[in-house]
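Each chain is listed here by its residues.
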Amino acid sequence: MRPIVVTHCGVGSIAEVQDVAGRSGRAGMQQLRRGGSALDAAIAAVVVLEDDPRTNAGTGSRMRLDGSIQMDAAVMDSRRRVGAVAAISNVKNPILVARKVMDTPHLLLTGEWATRFARRHGFPFYDPATDRARERWHNTLTELAKKKLPAWAKAWRTYSGSDTVGAVARDGKGRFVAANSTGGVSYMLPGRVGDSPIVGAGLYAGPMGAVAATGVGEEIVRLVLCKFVYDQIEDLGVRGACDAGLKLFPKSVPIGLIAVAKDGAAEADNREMAWWTTAAHVRKRRV
Ligand code: GLY
């Protein structure tokens, strides 16, 4: 089977970060060309996305209402092995910690315990805060103060900026992997976990393919989006499945999807989204 990598910088990401999507995808493809697996490819791709300070993952992640940064990341393969971390702090690459969790009997580690797990596995302290993230946080607080509404009441109506980054990969042996990483959404309470590390919601993989989502976590979890898309692949093909997934949401809810399957790859979104793929026939699709 021909290897494929698809990457994205998150729904809401603009053309200015297209280069990151490309570098990330090429890093994934390099793994595959060197004989690496779909798992190696997806992880390598997400590391590049996390390391660019312009994305909302790893370095450059959003701040929560209290000014802290807590990140979520996950990876799942077609054998349905999963590794995920939620609300992890002070690591450079949450996706690499999620990859380590995959080698344990568990699926998901959270909060300070995820951070402690990272330290035990040699991930040093790292502050992912950037000046841009600090500026955004300051703007958020100013906006909330003006509107005098509780933060949680404003969260989804005022959603702005870019979201979770992700990658899906297919290797020559027909194995599929989905991986994603996020700093979360605007107006988040500390401890809040979105869709990104939740199997079936923010990502899903199995023998039919792999799917990764980006957008408002609460809405994605409610509809178990990636499992919905995965379940449509056999009947609708990967393109039709992504379109069906996107159509579940009103346009007011920003959503992006990437997927890979036996019949190729697909992308769908209802906002601007920088993405990249090796599968030349894939067209951008909005509904
Ligand atoms: N999709 C990212 C989040 O809601 O946290």
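Residues numbered from 1 in each chain as written. Predicted model: local features only at pLDDT ≥ 70, side-chain atom pairs only at ≥ 80, totals over all residues. Heavy atoms only, no water.

Focus: empty space enclosed by the protein
One pass over the full model with this rule turns up 1 cavity of 30 Å³ or more. Estimates place the volume of the largest cavity at around 40 Å³. If you trace the largest cavity, you find it lined by Asp72, Asp163, Thr164, Thr182, Gly184, Val185, Arg192, Gly194, Asp195, Ser196, Gly215 and Gly217. (1 Å grid on protein atoms, 1.4 Å probe; cavity = no way out; pocket = protein on both sides within 12 Å on 5 of 7 lines; lining within 4 Å. Points joined across faces, edges and corners; volume = space filled by probe spheres on them.)

Brief notes about the layout of surface pockets
In this approach, a probe sized like a water molecule rolls over the atoms, and the result shows the empty space that is left. Approximately 150 Å³ is the volume attributed to the second largest pocket. Lining of the second largest pocket is provided by 10 residues; of these, Ile14, Val17, Arg54, Arg132 and Ser162 occupy positions nearest its centre. Here the lining of the second largest pocket is composed, by residue class, of 2 nonpolar, 4 polar and 4 charged. (Nonpolar A, V, L, I, M, F, W, Y, C, P; charged D, E, K, R; others polar.)

Description of the pairing of strand β5 (residues 165-170)
With 6 of 6 residues buried, β5 is to be regarded as a mostly interior element. Residues Val165, Ala167 and Ala169 of β5 are buried on one face, and the alternating residues Gly166, Val168 and Arg170, pointing to the opposite face, are buried as well. Relative to β5, strand β1 (residues 4-8) is paired through 5 bridges, and the arrangement is antiparallel. For valine 6, the partnering residue across the bridge sits in β5 and is valine 168. Looking at chain direction, β5 and strand β6 (residues 176-182) are connected through 6 bridges and run antiparallel. (Buried < 20%, exposed > 50% of the residue type's maximum accessible area, 1.4 Å probe, protein only. Helix = DSSP H or I, 4+ residues; strand = E, 2+ residues; numbered from the N terminus. Pairing = 2+ DSSP bridges.)

Examining the pairing of β6
For β6, the buried fraction is high: 7 of the 7 residues fall into the buried class. What you see with β6 is no split at all: Phe176, Ala178, Asn180 and Thr182 on one side and Val177, Ala179 and Ser181 on the other are buried throughout. The loop that links β5 with its antiparallel partner β6 comprises 5 residues; one of these, glycine 174, has a positive phi angle of about 80 degrees.

Some points on the sheet that holds strand β11 (residues 275-277)
The mixed open sheet is built from 7 strands, whose spatial order is β4-β3-β2-β6-β5-β1-β11. Only two strands of the sheet have a single neighbouring strand rather than two, namely β4 (108-110) and β11. On average, each strand axis in the sheet is inclined to that of its neighbour by 5 degrees, with strand direction left out of account. In terms of strand pairing, strand β3 (residues 82-88) meets β4 through 3 bridges, oriented parallel. Across the sheet, alanine 86 pairs through a bridge with threonine 110, a residue of β4. Running at roughly 160 degrees to β5, helix α2 (residues 38-51) makes contact with β1, β2 (71-77), β5 and β6 of the sheet. Lying over the sheet, helix α4 (residues 111-120) contacts β3 and β4, oriented at roughly 115 degrees with respect to β3. (Axes fitted to C-alpha atoms, helices over the stretch in contact; angles between N-to-C directions. Contact = heavy atoms within 4.5 Å.)

Brief notes about the pattern of salt bridges
What the rule picks out here adds up to 14 salt bridges. Two residues, lysine 92 and aspartate 51, come together in a salt bridge whose shortest N-O distance is 3.3 Å. Of the two residues, lysine 92 is situated in the loop between β3 and α3 (94-102) and aspartate 51 in helix α2; the sequence distance between them amounts to 41 residues. For arginine 175, the salt bridge identified is with aspartate 171, shortest N-O distance 2.7 Å. A residue is classified by how much of its surface remains accessible, and arginine 175, at 35% relative accessible area, is partly exposed. Each of the salt bridges in this network shares a partner with another, and the network as a whole consists of Asp19, Arg23, Asp52 and Arg54. (Salt bridge = Lys/Arg side-chain N within 4 Å of Asp/Glu carboxyl O.)

By themselves, these are just geometric observations and shouldn't be taken as functional.
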